[in-house]
Amino acid sequence: MLPPRDLLAPIDTFPRRHTGDNAAETAAMLKLLGARSLDALVDSAVPPAIRRGPLDLPAALGESAALAELRGIAAQNQVFRSAIGLGYYDTVTPAVIQRTILENPGWYTAYTPYQAEISQGRLEALLNFQTMVIDLTGLEIANASMLDEGTAAAEAMMMCHRLKEGDASAHRQFFVSSACHPQTIDIVRTRAKPLGIEVLVGDHRTYQPDARCFGVLVQYPDTTGSVHDFEAFFAAAHAAGAFTIVATDLLALTLLRPPGEFGADVAVGSAQRFGVPLGFGGPHAGFLATRDTYKRQMPGRLVGVSKDAQGDPALRLALGTREQHIRRDKATSNICTAQVLLAVMASMYAIYHGPAGLHRIARRTKLLTDLLAKGLIAAGAKVNAEPVFDTLTIGNVAAQRVHAAAAAKRFNLRRIDDYTVGVSLDETTTLDDVRTLLTFFNESADLGTPLALMSESDTVFAAPHARTSAFLTASVFNRHHTEHELLRYIKRLEAKDLSLCHSMISLGSCTMKLNAASEMAPISWPEFNRLHPFAPAEQTRGYQRLFRDLETWLAEITGFAAVSLQPNAGSQGEYAGLLAIRGFHESRGEGHRNICLIPTSAHGTNPASAAMGGFKVIPVACDTNGNIDVADLKAKAETHAQNLAALMVTYPSTHGVFEPGIKDICAAVHQHGGQVYMDGANMNAQVGLTSPGHIGADVCHLNLHKTFCIPHGGGGPGVGPIGVAPHLVPFLPGHVLSENRKSGTSRANGAVSAAPHGSASILMISWMYIRMMGPDGLTQATKVAILNANYVAKRLESFFPVLYRGNAGLIAHECIVDLRAWKKHGLEVDDAAKRLMDYGYHAPTMSFPVPGTFMIEPTESESKVELDRFCDALISIHGEMQAVVNGESDKVNNPLKHAPHTAKAVCADDWPHPYTRELAVFPSAFARTAKFWPSVGRVDNVYGDRNLVCSCVGMEAYA
Ligand SMILES: *Cc1c(COP(=O)(O)O)cnc(C)c1O
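Residues numbered from 1 in each chain as written. Predicted model: local features only at pLDDT ≥ 70, side-chain atom pairs only at ≥ 80, totals over all residues. Heavy atoms only, no water.

As recorded in an unreviewed UniProt entry, the protein chain goes by Glycine dehydrogenase (decarboxylating) and comes from Opitutus terrae. Quoted verbatim from the Function (unreviewed entry) heading of the UniProt record, the comment on the protein chain is "The glycine cleavage system catalyzes the degradation of glycine. The P protein binds the alpha-amino group of glycine through its pyridoxal phosphate cofactor; CO(2) is released and the remaining methylamine moiety is then transferred to the lipoamide cofactor of the H protein." Under the UniProt heading Catalytic activity (unreviewed entry), the note attached to the protein chain is "N(6)-[(R)-lipoyl]-L-lysyl-[glycine-cleavage complex H protein] + glycine + H(+) = N(6)-[(R)-S(8)-aminomethyldihydrolipoyl]-L-lysyl-[glycine-cleavage complex H protein] + CO2". (UniProt positions renumbered as here; feature names shortened; annotations may be inferred.)

Following this line, the structure appears as structure tokens:
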């Protein structure tokens, strides 16, 4: 019983909801492990040399008190109407999408769709997204998705560069139109520099591409709002052997001739204005479309159609061989976590409105823009000479006065210079707004009788700009326009996907922990999600406070001097961190240091990021215990001492072990002039017990979508902030449009994300987690994560060998169990993974970092009941495998080989298996009471890659 004093604590204390507080369960688990206490267990698992003192963080608040405090912070933001443009537009998120996707754990707690059979819902939504992008851009293939528009443009540049590689290293110039968004130019410059690409920024009307140029990038409509005809320019670029890239706007493309029809090789952009809130810059889904011939060089995730074991259509991620997991430093990009949830939302927005609805929204936006232009011209202002869609650049005005008048009416306009102002309209703009906007420029200006001014020509473009081709003709975009139809479609897809709503997802390295409702609630608050990323600082005080809090707390947790929240995924954090290292070396006249040591066990994003950063990757071996081979490391550090730039190391290792030699390893790298980059994906085993700073690293990224409770969203969004030691602070990412640049505290490095604070509008989730857990709760969570992992390892070890162990036979927060011995009996790790679906579970991480294994990470927020259920499922599968070996089960016709079993398969009149239907689909009590039905049978990956189909057109099965 609680002592009376403790009864006075808030009723809604949070750690017991996150981690649990069942003393009897903990005692039972410790007993199995033979540990005296939780602290004793942790003391044996974590090397004493790296332990730290207690976290210096504010004491925990209860759920409602934390929400109340955050409300107060939110209130310091001011929501003005945004007419700033620059690639970010206000939009109306259809309420049905907000409620059933954005705020629905069935969608947001799902993992990346690697297990295709239990991910068909979001795979279908992503296929719709790809189809939408293909149709609107007029290109042949599109991915799902990019991290934002700016990085999509930079990835397109790198893709074109790769396409040229081998051809001639003479092609090192990349032309960028000066009328691209400034943040896009900033990111392109950042990405180009380490690769030795020369960026030429200029006017496409005067630039003449020659043989030195490998690619050109233009914006359509451009950042000033003007629409240009790029046909001749692109023909000239092609004649010179250069590739052509267009950054464009999906809504405008419903009216404009699509890039695919005027010679674009690649189109990029953001799907934000398709129903995804501004969110102070993110997260939103970027897109990239190209011609079919370039598909193998495309960056990012691609969904494709294949077939399942029964021959029915089934979806899965296609062409995985292009990606970092396989290609490592030769990968087409380092993107791992993408923007799935936001791509799903944007695709549903297109489905909800349909082609006619989108066309109508676009015509309305153009009509209002043309009316505003007429009013402004009548009032003596100067506007774009070229046709416009939604944006005007207005010259000949007293900008200060205009902005002051706008601010008085709570509008933000784009600041250009003292005489020029930008205005962008969007879906939310009304005729009254246009009247109001006009008064900012001329108090007495009057639209007169707008009806008389309006003409059909204001709502469409003339040749050669006019779109004549149809778009979104697939049935999915033409049948869900009533709310009931869309609601049921969304729910139908949701039901195909296994998420944390169903059972634990023990994804090693990905830390699929609780995403608590109180953490998620603030993402819907308008004070956070309706702010434009370039709104004036005095309106964003709440965000600034939020950033300051999080930066301070994460710096304390990592043991570093400063934190940048800009990178919008772990991969982007790696890249930003490596750029910081590069900048540091350059500042000391050691820019030649270009060797990056990476253990063979590293995650594929590490070598991919290093290659993007212009580093040469040298692999370091691992010993039989899964630890870095310290002798090999020291030898390589010494051999390359002249050019050693960095070591990238994951801690605890990707083998799930606290390597005792880590301090030594850091020292060896430092001794030879290198910097230590720590991949913080395994931070869940460190928080409160040790830290990258204490261990001796110089920089580290965190995955807030792993350790700090941002949900995985089915494959994104994410946040990958980096923490750095004092000497690297000057090399954190900057941003061309951020206030700190203007105020003179500019940073040496450019931007790595389009928005200064990346995925700002989901940072509240991590803020709430830290605020509600407090220092003790966070440390306890780490301890319980270690306990849970060791408990699972103990329960499984007599069935499947646990591969690597640290001190006292203990592991860190995850374990690798070995299934390789079964291969000689014809049983693959894949068979066990697919069979787990019949039991209602998502497979653990497969074949990383060791082929033929499962890496299991239970996290601290699973109860003993759930851990036992999961272990029981694996043990039962072990029995089924043993039956095959013993000859009790057929070698090929057994429940493992035919897993997963669909309802269709077990209900069929024909049941060609020697085992029962009951065993097939109800192999456990849990499966019987809480059956999750895989919607397709085992997916044929090879077939799909051989017959690549990446749009829903012609896929009648999905109608
Ligand atoms: C998840 C992960 C990454 C990549 O992070 P993203 O957020 O997916 O880009 C890198 N390294 C390790 C060890 C990881 O687990």
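Alright, that's what it looks like, and here's the rest.
(A) Local environment of the pattern of salt bridges. A full pass over the atoms with the stated rule returns 49 salt bridges. With a closest N to O distance of 2.7 Å, Arg301 and Glu323 form a salt bridge. One end of the pair, Arg301, is in the loop between strand E8 (286–290) and strand E9 (303–308); the other, Glu323, is in the loop between strand E10 (313–317) and helix H12 (324–327), with 22 residues separating them in the sequence. As far as burial versus exposure is concerned, Arg301 and Glu323 are alike and both buried. For Glu918, the salt bridge goes to Arg928, with nearest N and O atoms at 2.5 Å. Within this pair, whereas Glu918 is found in helix H31 (residues 917–921), its partner Arg928 is found in helix H32 (residues 925–929), the two being separated by 10 residues in sequence. Of the residues examined, Arg928 reaches a relative accessible area of 47% and is grouped as partly exposed. It is possible to trace a salt-bridge network through shared partners that takes in Glu69, Arg545, Asp549 and Arg771. (Salt bridge = Lys/Arg side-chain N within 4 Å of Asp/Glu carboxyl O. Helix = DSSP H or I, 4+ residues; strand = E, 2+ residues; numbered from the N terminus. Buried < 20%, exposed > 50% of the residue type's maximum accessible area, 1.4 Å probe, protein only.)

(B) Here's a closer look at the side chain of Glu155. For Glu155, the location among the structural elements is in helix H9 (residues 149–164). You can call Glu155 buried: its relative accessible area is 1%. Setting aside its immediate chain neighbours within four residues, Glu155 contacts Met146, Arg191, Pro299, Thr332, Ser333, Asn334 and Ile335. (Contact = heavy atoms within 4.5 Å.)

(C) View of the site of the ligand. Near the ligand lie 14 residues; those nearest to it are Thr337, Ser509, Asp679, His705 and Lys706. Here an oxygen atom of the ligand sits 2.6 Å away from a polar atom, N or O, in the side chain of Ser509. The separation between an oxygen atom of the ligand and a polar main-chain atom of Ser571 is 2.8 Å. A total of 380 Å² of accessible area belongs to the ligand in isolation, and the protein chains cover 99% of it. The greatest single-element share of the shell around the ligand, amounting to 3 residues, is contributed by helix H21 (residues 570–587). When grouped by side-chain class, the residues that make up the shell around the ligand number 3 nonpolar, 8 polar and 3 charged. (Near = heavy atom within 4 Å. Polar contact = N/O pair within 3.5 Å; in protein donor to acceptor, adjacent residues only side chain to side chain. Areas by Shrake-Rupley, 256 points an atom, 1.4 Å probe, with all protein chains shown as cover. Nonpolar A, V, L, I, M, F, W, Y, C, P; charged D, E, K, R; others polar.)

(D) Seen up close, helix H24 (residues 662–671). Every buried residue of H24 is accounted for by Ile662, Ile665, Cys666, Ala668 and Val669. Taken down its axis, H24 places every buried residue within 160 degrees of arc, on the same side. Turning to H24, the residues buried within the fold contact helix H23 (630–639), strand E17 (644–650), strand E18 (675–679) and helix H25 (692–695). A positive backbone phi angle near 85 degrees is found at Gly673, which sits one or two residues after H24. (Arc of directions from axis to C-beta.)

(E) Here's a closer look at the packing of helix H4 (residues 38–45) against helix H27 (residues 763–796). Relative orientation of the contacting elements H4 and H27 amounts to 75 degrees, with a least axis distance of 10 Å. Judged on the interaxial angle alone, H27 and H4 are roughly perpendicular. Seen from H4, the contacting residues are Leu38, Asp39, Leu41, Val42 and Ala45; seen from H27, they are Gln780, Lys783, Val784, Ile786 and Leu787. Residue classes in the contact of H4 with H27 are distributed as 7 nonpolar, 1 polar and 2 charged. (Axes fitted to C-alpha atoms, helices over the stretch in contact; angles between N-to-C directions. Parallel < 35°, antiparallel > 145°, perpendicular 65-115°, else oblique.)

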